[in-house]
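The chain contents come next:
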Amino acid sequence: MIFYHVSSFINEGDILKKTTKPLQEWCKETEQCDVSTSHKVQEYYQYLINQNVEEKTGKDAIKWCCEAIFDCVRRVNFPTMPSRIWGVYLLNNFEEARCFLDEYRHISISPEGEKLIPKIFEITDFSEKDVFCFDMNIFTLADYKLRSSLLSNCFDDIVYNDVITLAKQYWSGKLCINFTCEYLTNKDVYIGKKIYEKKEN
């Protein structure tokens, strides 16, 4: 089965594993941060804004906050599931990979001044038994709830608990109607041929 991987940080022939994960500093920080209450989430969000995280990583502060909440729920309730922060994401459909790249990945500049261009790679030598399927739409809905409330300054315990509930649904493997399956693995992944890269506007 052919899978697809979206990244700005890798090249053909690379092997993805935890020790080669891009943005190690931000991954460690997001895994270790305290998002146990709505107030703690707001504090972490403001910290990420102050650190210009989007400019440095290509992912905005709200996306990192959502990842932090989902990983907290995973560690507490679903510890055998692969981490979103440290795992490798795969899609089994090029069109879905392209939509994901266009919507969520932006051209950015690394701290060293290198232009980071999002690309899609083929993953051809990988077994389905080594991946878990989760509904990306559940994560997207959680991100939307978090985003709309933080940006409008109305994030509260109700929204926080809604996001926690969605995270539990995600890790339990629930698939909604019209779901979009994202595959997640904690196995090493060999990166194949580059088949697409984002164009500058």
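Residues numbered from 1 in each chain as written. Predicted model: local features only at pLDDT ≥ 70, side-chain atom pairs only at ≥ 80, totals over all residues. Heavy atoms only, no water.

**Q** How would you summarise the overall build of the protein if you had to cite specific residues and measurements?
**A** Within the protein, the regular secondary structure consists of seven helices and ten strands. The C-alpha atoms of the protein give a radius of gyration of 16 Å, which matches the 17 Å a tight globule of 201 residues would have. Judged by the C-alpha coordinates and their principal axes, the protein covers about 45 × 40 × 30 Å. Residue burial in the protein is summarised as follows: out of 201 residues, 46% are buried. Put simply, of all contacts in the protein between residues at least 6 apart along the chain, 80% involve residues at least 24 apart. In the structure as shown, the protein presents an accessible area of about 10,400 Å², 50% of it carried by carbon and sulfur atoms. (Helix = DSSP H or I, 4+ residues; strand = E, 2+ residues; numbered from the N terminus. Rg over C-alpha atoms; globule rule 2.2 N^0.38 Å. Buried < 20%, exposed > 50% of the residue type's maximum accessible area, 1.4 Å probe, protein only. Contact = heavy atoms within 4.5 Å. Areas by Shrake-Rupley, 256 points an atom, 1.4 Å probe, with all protein chains shown as cover.)

**Q** If you had to explain helix 4 (residues 61-77) to someone new, which residues and values would you point to?
**A** Here helix 4 is 17 residues long and its end C-alpha atoms lie 24 Å apart, about the 24 Å a rise of 1.5 Å per residue gives. The element helix 4 is largely enclosed, with a buried count of 13 among its 17 residues. The residue sitting at the N-terminus of helix 4 and contributing the capping side-chain oxygen is Asp 60; that oxygen lies 3.3 Å from the backbone nitrogen of Ile 62. (Expected span 1.5 Å × (residues − 1). Polar contact = N/O pair within 3.5 Å; in protein donor to acceptor, adjacent residues only side chain to side chain.)

**Q** Provide a residue-level description of the packing of helix 4 against helix 7 (residues 157-171), including the pertinent values.
**A** The interhelical angle for the contact between helix 4 and helix 7, taken along N-to-C directions, is 60°, at an axis separation of 9 Å. If you check the angle between helix 4 and helix 7, you find them oblique. Handedness of the helix 4/helix 7 crossing: right-handed. Residues Ile 69, Phe 70, Val 73, Arg 74 and Asn 77 of helix 4 touch helix 7, and the partners they reach there are Val 163, Ile 164, Leu 166, Ala 167, Lys 168, Tyr 170 and Trp 171. Of the residues assigned to the contact of helix 4 with helix 7, the class counts are nine nonpolar, one polar and two charged. (Axes fitted to C-alpha atoms, helices over the stretch in contact; angles between N-to-C directions. Parallel < 35°, antiparallel > 145°, perpendicular 65-115°, else oblique. Left-handed = near helix turned anticlockwise from the far one by under 90°. Nonpolar A, V, L, I, M, F, W, Y, C, P; charged D, E, K, R; others polar.)

Such coordinate-based values are descriptive only and should not be taken to indicate function.
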